[in-house]
Every structure is written in C-alpha cells, then in structure tokens.
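The chain contents come next:
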Amino acid sequence: QVQLVESGGGLAQPGGSLTLSCAASGFIFRLYAMAWYRQAPGKQRELVARIGSEGFTNYADSVKGRFTISRDNARNTVDLQMNNLEPEDTAVYYCNTIRRGMNYWGQGTQVTVSA
C-alpha cells in the first residue's frame, strides 16, 4: 500500500525555478529516508538528492548549491526546490523510498528546461 505521488513539474526557462512535491502514504513516513531521482532521455536514472530520517541531506554534484531537498513529517511530504535551472536538468523526476527491502517509486513528473 506504499504510494508516492509527485507533482509540480512543468516548463521552466534557464535560470528559472520549480518546486516538486512528493506525497507519501502507506508507511510510517518519519522512519524512512526519501530521495529524488531523475531520468533524462537516453540516460540512466540517477540520484539527485536524498534526505534521511534524521534530516541529513546529500546531493548529486551536478545540482549541489542549486537544489534543496526537504521533508515535512507532519504532512508526509518531501519537496525538491530547484533553482537556477539548466537545460541539462530536463528529465522525469521520481520520488523514491526503500521499505522492507523494496524500492518504491512514484509515477514521475516531467521537468523541461528550455528557452
């Protein structure tokens, strides 16, 4: 019954901003690390950012300083604030968690960065 639902994707211009949100249900959210991944056409899915149950964060080098991951345990949500977007950020972004040894993914939300 784990469910992850992403929202907030869309079209942005280079240098612009978007905020993605992932709504989680079906597990005790506060106990689990959450992550954002992305997959661009022709490329492997890659980790963008992770936030642990204690709130510690880490980021891919390509987004460090531009993206911020955060979580709200009261609302069971994890956000990805994306600033200074670049065309290379264009991808489908996925919310992720691992529970009982199993990976769970949202349906993905498209982010397109283009002038």
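Preceding block: the structure.
Computed from a predicted model, the values in this text were never measured in an experiment.

## Here's the deal with the side chain of aspartate 89
Next up, step 1: Secondary-structure assignment places aspartate 89 in the loop between strand E8 (77-82) and strand E9 (91-99).
Next up, step 2: Given the relative accessible area of 1%, aspartate 89 is considered buried.
Next up, step 3: Polar side-chain contacts of aspartate 89 include one of 2.8 Å to the side chain of arginine 66.

## Concerning the state of the cysteines
Between two cysteines, a covalent bond joining their sulfur atoms is known as a disulfide.
Next up, step 1: As enumerated under the stated definition, the model contains one disulfide in all.
Next up, step 2: Paired by a disulfide, cysteine 22 and cysteine 95 hold their sulfur atoms 2.1 Å apart. Note on the cysteine 22 and cysteine 95 pair: the S-S dihedral is about -80°, so by sign convention the disulfide is left-handed. Of this pair, cysteine 22 sits in strand E3 (residues 18-25) while cysteine 95 is found in strand E9, placing the two residues 73 residues apart along the sequence. One exposure class covers both cysteine 22 and cysteine 95, and it is buried.

## Section: the packing of aromatic side chains
Next up, step 1: In total, this model carries four aromatic pairs according to the counting rule given.
Next up, step 2: With 5.0 Å between their ring centres and 75° between their planes, tyrosine 37 and tryptophan 105 make a pair best called edge-to-face. Placement of tyrosine 37 in strand E4 (residues 34-39) and of tryptophan 105 in strand E10 (residues 102-105) is noted, with a sequence separation of 68 residues between them.
Next up, step 3: A relative accessible area of 18% places tyrosine 37 in the buried class.
Next up, step 4: Under the relative-accessibility criterion, tryptophan 105 is labelled partly exposed at 34%.
Next up, step 5: Here tyrosine 94 and tryptophan 105 contribute two aromatic rings whose centre-to-centre distance is 6.4 Å and whose plane-to-plane angle is 90°, an arrangement assigned as edge-to-face.

Calculation rules
Residues numbered from 1 in each chain as written. Predicted model: local features only at pLDDT ≥ 70, side-chain atom pairs only at ≥ 80, totals over all residues. Heavy atoms only, no water. Helix = DSSP H or I, 4+ residues; strand = E, 2+ residues; numbered from the N terminus. Buried < 20%, exposed > 50% of the residue type's maximum accessible area, 1.4 Å probe, protein only. Polar contact = N/O pair within 3.5 Å; in protein donor to acceptor, adjacent residues only side chain to side chain. Disulfide = S-S within 2.5 Å. Phe/Tyr/Trp six-rings, centres within 6.5 Å; stacked < 30°, edge-to-face > 60°.

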